[in-house]
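# Observations on the model geometry
The lines below spell out each chain.
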Amino acid sequence: MMRISAFAFLNINGNFLNCCYSQRNYCTQNANSVFNNLDDALIFFNSMVQSRPLPPIRQFNKLFGQIVKMKHSATVISLIRRLNLLGVHRDVVKSDVYTFNIAINCFCNLKRVDFGFSLLGKIMKLGYEPNISTFNTLIRGLCIDGKLALAVRFFGEIVKKGFQPNSVTYGTLINGLCKTGKTHTAIVLLKDMEQVGSCQPDIVLYSTIIDSLCKDKKVNEALKILSDMTEKGIMPTVVTYTSLIHGLCNLGQWKEVKRLLSEMAGRNISPNVQTFNVLVDTLCKQGILKEAEEVLELMIQRGVEPDVFTYNALMNGYCLLGKVDEARRVLELMTQRGVEPNVVTYNSLMNGYCLLKKVDEARRVIELMTQRGVEPDVVTYSSLMNGYCLLGKVDEARRVLELMTQRGVEPNVVTYSSLMNGYCLLGKVDEARRVLELMTQRGVEPNVVTYNSLMNGYCLLKKVDEARRVLELMTQRGVEPNVVTYSSLMNGYCLLGKLDEARRVLELMTQSGVEPNFVTYSSLMNGYCLLGKVDEARRVLDLVTCQGCHNAFSYNILINGYSKEGRLKEAIELFKKFEENGCIPNNYTYNIILQGFLQNNDTAKAVELLQVMVDGGFSLIGCNKNLLGKLSDDRLDHSLKEVLQKFLSNT
């Protein structure tokens, strides 16, 4: 039997004690360390649990808090369980509930607020007192889960039990309500906060509610909130103004936008990049590119650097107008200014080429973006597929579908819907149905656009009964029909002359709570005109004009109907009412009236209208070119000949 001397024994245990002391000292010294990665934090945790005596629970809580910030909630729960197994949790946590709060927070982050409430029960069972931080975390968890009604009820219960909500409680609940569109409930809560008086709303809460109201297009209410808060001495920030400007831009209230910008200047609040981006994006979407460029220049002059969103908005605006060369100029400008194009940049450019049916150019954009290290995404490939489909090259679109799946990009509902639409436009509805089956097999749920494409395909083939069955199928599958669905079906019936069926569809859509739009009524008007029932079409137009549900397209249908019936006088009278009713005549409008003059041999009025068309930059459609070409020289005086020659040379 081996013997150990007393000296050796003390020496060995002394080393052991020194080791423990140094490890304990290491843990204490590093308790406030900031860890940049999970591995370092886990190494430190292991050193903490091995040290003797164990560090206090507050040091573990600090470490857990850091790991939560790294977004590793599941790991924190696992570490807390390890402490439970060691018996540490039971021994050390008596003085606080922070460990429980951290665990509840982790469960909420993992969208398991139910487990968080289980821990609340455990806290109370063990005799600990939950604090307002516990309740705030649970309210946040309910908001994350979208259980706003429960969050509001839980808030009421804690107030009844005597717990005093703080600014975090109100802020969490108001933010959750605003994100789910329950803005008016949030306003009620804000007023409650003001009346209770324990904590007052700050600019962040006011700005949250203002932003939510603006997104709901209730800008007047948002401006009232702005007025109320300034009266209470709470000054708006650039974030507040940006939300209001965004809301006003969406409503086209440019006069109010200018007033707010002046107000910002008066309060010495400078617009930031987000403010300028709102202006640029709205102007581009409305096709006002010149002013959008001026805003870009202004922000550069003021030292606000445009970001990728600014340039993307400008490029997209040009592409939607078919000015792809201008979009490429913007692309060069952004790279010169050191802003890296992203996938959205290239997708806008691709979409521009596809709208112009320049699919080969669009394909080259994919090559360019991959060369620059930007990976094409599902939008990139879907845009290219749509481009091929618009050209009737569905086989090419199918090859793009195969290519994207080979490259690991999963097709989405837009991808498949584009392909289906391509087949439907070619009259290959059976192929479109096979694509529908394929997408459902692959776990991609069809949406209303998918079914609308299929319905439109059947209507183009005059198979309206089949289109009706698609309507039944989509409702069975829980997809709500929209205004396009019903309008397509109505148009199908109208093209077949089945106006009574079309009107029944109109009744069905209003009963379903879907508001008809100008396309719906225009389809009905066109149906009446095709049957020669122009007076019925006029009654529909008068009705929708009163409702404000009309546009140039609606008027063009009826003007064309009058012209074909030889009722040119009524067509001209309606043409004169165009601008009175808030519409602007377009190229097709002028050509319809011109065709009426030419068919009625009213050469003088035809040439007079031609002069207006020349001045307005309008062009001729094919049939009018042929009719003008037949006018003999002896029927025109010198001045009329000049106008005619000028117009024909420009078209």
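Residues numbered from 1 in each chain as written. Predicted model: local features only at pLDDT ≥ 70, side-chain atom pairs only at ≥ 80, totals over all residues. Heavy atoms only, no water.

## Brief notes about the overall build of the chain
Broken down by element type, the chain carries 37 helices and 0 strands. For the chain, the residues scored as buried account for 46% of the 651 residues in total. Of the contacts made within the chain by residues no fewer than 6 positions apart, 59% connect residues no fewer than 24 positions apart. Accessible surface, the chain as shown: approximately 33900 Å² in total, 51% of it carbon and sulfur. (Helix = DSSP H or I, 4+ residues; strand = E, 2+ residues; numbered from the N terminus. Buried < 20%, exposed > 50% of the residue type's maximum accessible area, 1.4 Å probe, protein only. Contact = heavy atoms within 4.5 Å. Areas by Shrake-Rupley, 256 points an atom, 1.4 Å probe, with all protein chains shown as cover.)

## A look at a nonpolar patch on the surface
On the surface, a cluster of nonpolar side chains totalling about 260 Å² of accessible area is made up of L390, L425 and L460. Relative to the assigned elements, L390 resides in helix 22 (residues 378–390). The partly exposed category is assigned to L390, whose relative accessible area is 38%. (Patch = residues over 30% accessible without salt bridge, like charges linked within 9 Å, V, L, I, M, F, W, Y side chains within 5 Å. Salt bridge = Lys/Arg side-chain N within 4 Å of Asp/Glu carboxyl O.)

## Observations regarding helix 21 (residues 359–371)
Under the 1.5 Å per step criterion, the end-to-end length of helix 21 is 19 Å for 13 residues, consistent within 8% with the ideal 18 Å. Residues of helix 21 that are buried include every one of V359, A362, V365, I366, L368 and M369, and no others. Seen end-on, helix 21 carries its buried residues on one side only, within an arc spanning 165°. Turned more than 90 degrees off the buried face of helix 21, the exposed positions are D360 and Q371. Lining the buried residues of helix 21 we find helix 19 (324–336), helix 20 (343–355) and helix 22. Backbone geometry just downstream of helix 21 places G373 in the positive-phi region, at approximately 80°. (Expected span 1.5 Å × (residues − 1). Arc of directions from axis to C-beta.)

## A short note on the environment of N452
Note on placement: N452 falls in helix 26 (residues 448–460). On the accessibility criterion, N452 (8% relative accessible area) is buried. Sequence separation of N452 and M474 is 22 residues, and the distance between their C-alpha atoms is 9.5 Å. In contact with N452, not counting residues within four places along its chain, are N482, V484 and T485. Separated by 2.7 Å, the side chains of N452 and T485 make a polar contact. (Polar contact = N/O pair within 3.5 Å; in protein donor to acceptor, adjacent residues only side chain to side chain.)

## Thoughts on the packing of aromatic side chains
Going through the model one piece at a time under the given rule, you end up with 11 aromatic pairs. Summarising the aromatic geometry, the rings of F135 and F163 are spaced 4.6 Å apart at their centres and angled 70° between planes, so their arrangement reads as edge-to-face. With a gap of 28 residues between them, F135 in helix 8 (residues 132–144) and F163 in the loop between helix 9 (148–160) and helix 10 (167–179) connect regions that are remote in the sequence. Centroid distance F575 to Y590: 5.6 Å. Interplanar angle 75°. Geometry classified as edge-to-face. Of this pair, F575 sits in helix 33 (residues 568–577) while Y590 is found in helix 34 (residues 587–599), placing the two residues 15 residues apart along the sequence. Here the two residues F575 and Y590 agree in accessibility, since each one is buried. Site record: aromatic cluster; members linked through ring pairs are F117, F135, F154 and F163. When the ring centre of F115 is taken as origin, the NZ or CZ atom of R112, which lies over that ring, is 4.2 Å away. (Phe/Tyr/Trp six-rings, centres within 6.5 Å; stacked < 30°, edge-to-face > 60°. Lys NZ or Arg CZ within 6 Å of the ring centre and 35° of its normal.)

## Regarding the packing of helix 26 against helix 27 (residues 464–476)
Put simply, helix 26 and helix 27 touch, their axes get as near as 7 Å, and they point 165° apart. Comparing the axis directions of helix 26 and helix 27 gives the class roughly antiparallel. Considering how the two elements wind past one another, helix 26 and helix 27 form a crossing that is right-handed. On the side of helix 26, the interface is formed by V448, Y451, L454, M455, Y458 and C459, while helix 27 contributes V464, E466, A467, V470, L471, L473 and M474. Residues of the contact of helix 26 with helix 27, tallied by class, amount to 12 nonpolar, no polar and 1 charged. (Axes fitted to C-alpha atoms, helices over the stretch in contact; angles between N-to-C directions. Parallel < 35°, antiparallel > 145°, perpendicular 65-115°, else oblique. Left-handed = near helix turned anticlockwise from the far one by under 90°. Nonpolar A, V, L, I, M, F, W, Y, C, P; charged D, E, K, R; others polar.)

## Observations concerning the side chain of S212
Within the element layout of this structure, S212 appears in helix 12 (residues 203–215). Accessibility expressed as a relative area gives 6% for S212, which makes it buried. If sequence neighbours within four positions are ignored, S212 has contacts with C178 and T183.

## Section: the pattern of salt bridges
Overall, the coordinates contain 21 salt bridges when judged by the stated rule. Between E256 and R259 there is a salt bridge; the shortest N-O distance is 3.1 Å. With E256 and R259 both in helix 15 (residues 254–266) and 3 residues apart, the pair spans about one turn of that helix. The exposure class of E256 is partly exposed, given its relative accessible area of 25%. In this structure R259 comes out as partly exposed when scored by relative accessible area, which is 36%. Of the charged contacts in the structure, one is a salt bridge between R504 and E501, with a shortest N-O distance of 2.9 Å. Of this pair, R504 and E501 both sit in helix 29 (residues 499–511), 3 residues apart, which is roughly one turn of the helix.

## Here we look at unusual backbone geometry
Unlike most non-glycine residues, K217 shows phi in positive territory, near 65°. Here K217 shows up in the loop between helix 12 and helix 13 (219–231). Assessed through its relative accessible area of 59%, K217 is described here as exposed. Even without being glycine, N268 reaches a positive phi, approximately 60°.

## What about helix 15?
Look at helix 15: 18 Å from first C-alpha to last across 13 residues, which is about the 18 Å you get at 1.5 Å a residue. Listed in full, the buried residues belonging to helix 15 are V257, L260 and M264. Projected down its long axis, helix 15 carries its buried residues within an arc of 65°, all on one side. Looking at helix 15, the residues exposed on the side facing more than 90 degrees away from the buried face are K255, K258, S262, A265 and G266.

## A closer look at the packing of helix 19 against helix 20
Contact geometry of helix 19 with helix 20 gives a least axis separation of 10 Å together with a crossing angle of 165°. Comparing their axes, helix 20 and helix 19 come out roughly antiparallel. Read as a crossing pair, helix 19 and helix 20 show a hand that is left-handed. For the pair formed by helix 19 and helix 20, the contact residues are V324, A327, R328, L331 and M334 on the first element and T345, Y346, L349, G352 and Y353 on the second. By residue class, the composition of the contact of helix 19 with helix 20 is 7 nonpolar, 2 polar and 1 charged.

## Remarks on the environment of V534
Note that V534 resides in helix 31 (residues 534–547). A relative accessible area of 1% places V534 in the buried class. Sequence separation between V534 and N560 is 26 residues, and the spatial gap between their C-alpha atoms is 9.8 Å. Excluding residues within four positions of it along the chain, V534 makes contact with Y528, L558, G561, Y562, E565 and R567.

## A look at the confidence of the model for the chain
Confidence in the prediction for the chain averages 86 pLDDT; 87% of positions are at 70 or higher. Residue range residues 1–24 is modelled with pLDDT below 50. Its contacts to residues more than four positions away, or to other chains, number 11 contacts. Confidence drops under a pLDDT of 50 for residues 88–95, and excluding neighbours within four residues, the segment shows 13 contacts in the predicted structure. (pLDDT = per-residue confidence, 0-100.)

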